[in-house]
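Listed here are the chains, written in short residue letters.
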Amino acid sequence: MKVAICGTVGSGKSSLLSCILGEMKKVSGQVKVSGTKAYVPQSPWILTGDVRENILFGSTYDAVTHHQTAKACALLKDFELFSVGDRTEIGERGINMTRNSV
Ligand SMILES: Nc1ncnc2c1ncn2[C@@H]1O[C@H](COP(=O)(O)OP(=O)(O)O)[C@@H](O)[C@H]1O
Ligand SMILES: [Mg+2]
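Note that the coordinates shown come from a computational prediction; the quantities given were computed from them, not determined experimentally. (Residues numbered from 1 in each chain as written. Chains lettered and ligands numbered in written order. Predicted model: local features only at pLDDT ≥ 70, side-chain atom pairs only at ≥ 80, totals over all residues. Heavy atoms only, no water.)

Caption draft 1: The overall build of the protein chain, seen in detail. A count of helices and strands for the protein chain gives five helices and two strands. When the helices and strands of the protein chain are placed in sequence order, the string is α-β-α-α-α-β-α. At 19 Å, the protein chain has a C-alpha radius of gyration far larger than the 13 Å of a compact globule built from 102 residues. Pairs at least 24 residues apart make up 37% of the contacts formed inside the protein chain by residues separated by at least 6 positions. Accessible area for the protein chain stands at about 8600 Å²; split by element, carbon and sulfur atoms hold 56% of it. Distance between charge centres in the protein chain, computed from 12 positive and 9 negative side chains, equals 14 Å. (Helix = DSSP H or I, 4+ residues; strand = E, 2+ residues; numbered from the N terminus. Rg over C-alpha atoms; globule rule 2.2 N^0.38 Å. Contact = heavy atoms within 4.5 Å. Areas by Shrake-Rupley, 256 points an atom, 1.4 Å probe, with all protein chains shown as cover. Lys, Arg positive; Asp, Glu negative; His and termini not counted. Charge placed at Lys NZ, Arg CZ, Asp CG, Glu CD.)

Caption draft 2: Inspection of the side chain of Asn54 at higher detail. Tracing the backbone through its elements, the reader meets Asn54 in helix 2 (residues 51–56). Judged by its relative accessible area of 13%, Asn54 is buried. There is a polar contact of 3.0 Å between the side chain of Asn54 and the backbone oxygen of Asp50. In this structure Asn54 touches Ile46, Leu47, Gly49 and Ile90, once residues within four positions along its chain are discounted. (Buried < 20%, exposed > 50% of the residue type's maximum accessible area, 1.4 Å probe, protein only. Polar contact = N/O pair within 3.5 Å; in protein donor to acceptor, adjacent residues only side chain to side chain.)

Caption draft 3: The site of ligand 1, seen in detail. Thr8, Val9, Gly10, Ser11, Gly12, Lys13, Ser14, Ser15 and Met24 make up every residue found near ligand 1. Interatomic distance of 3.0 Å between a backbone N/O atom of Gly12 and an oxygen atom of ligand 1. Between ligand 1 and the protein, one listed contact pairs an oxygen atom with a side-chain N or O atom of Ser15 at 2.5 Å. Out of a free accessible area of 560 Å², ligand 1 has 43% covered by protein chains. Residue composition of the shell around ligand 1, grouped by class: two nonpolar, six polar and one charged. (Near = heavy atom within 4 Å. Nonpolar A, V, L, I, M, F, W, Y, C, P; charged D, E, K, R; others polar.)

This is the structure:
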């Protein structure tokens, strides 16, 4: 089941999720979570390194798994656009497409 929580800025969407994660003090009531939970916040960040390192995040590289992952995430086309594919370096402000298209 998928549930969408919609609301204007400041209406409490993030607060609700923080509450479910146990990161916000509840004034009243209780929260029960069964199973595991994962939270992907809105603020992305990157490691200084190449695209592959940013995908692996310390995990061991396996060519087949890496390819399947990239395909599932529709990243193969992006890799084609980079000069050296997923070995393209990412700077502090993302990938420099001008430099990479040379
Ligand atoms: N850590 C916090 N402590 C106190 N008030 C907070 C905190 N985080 C958010 N708020 C307040 O809770 C309200 C809802 O904010 P938020 O959950 O960020 O809304 P949304 O994610 O829907 O934009 C806002 O008034 C905001 O200022
Ligand atoms: Mg929010």
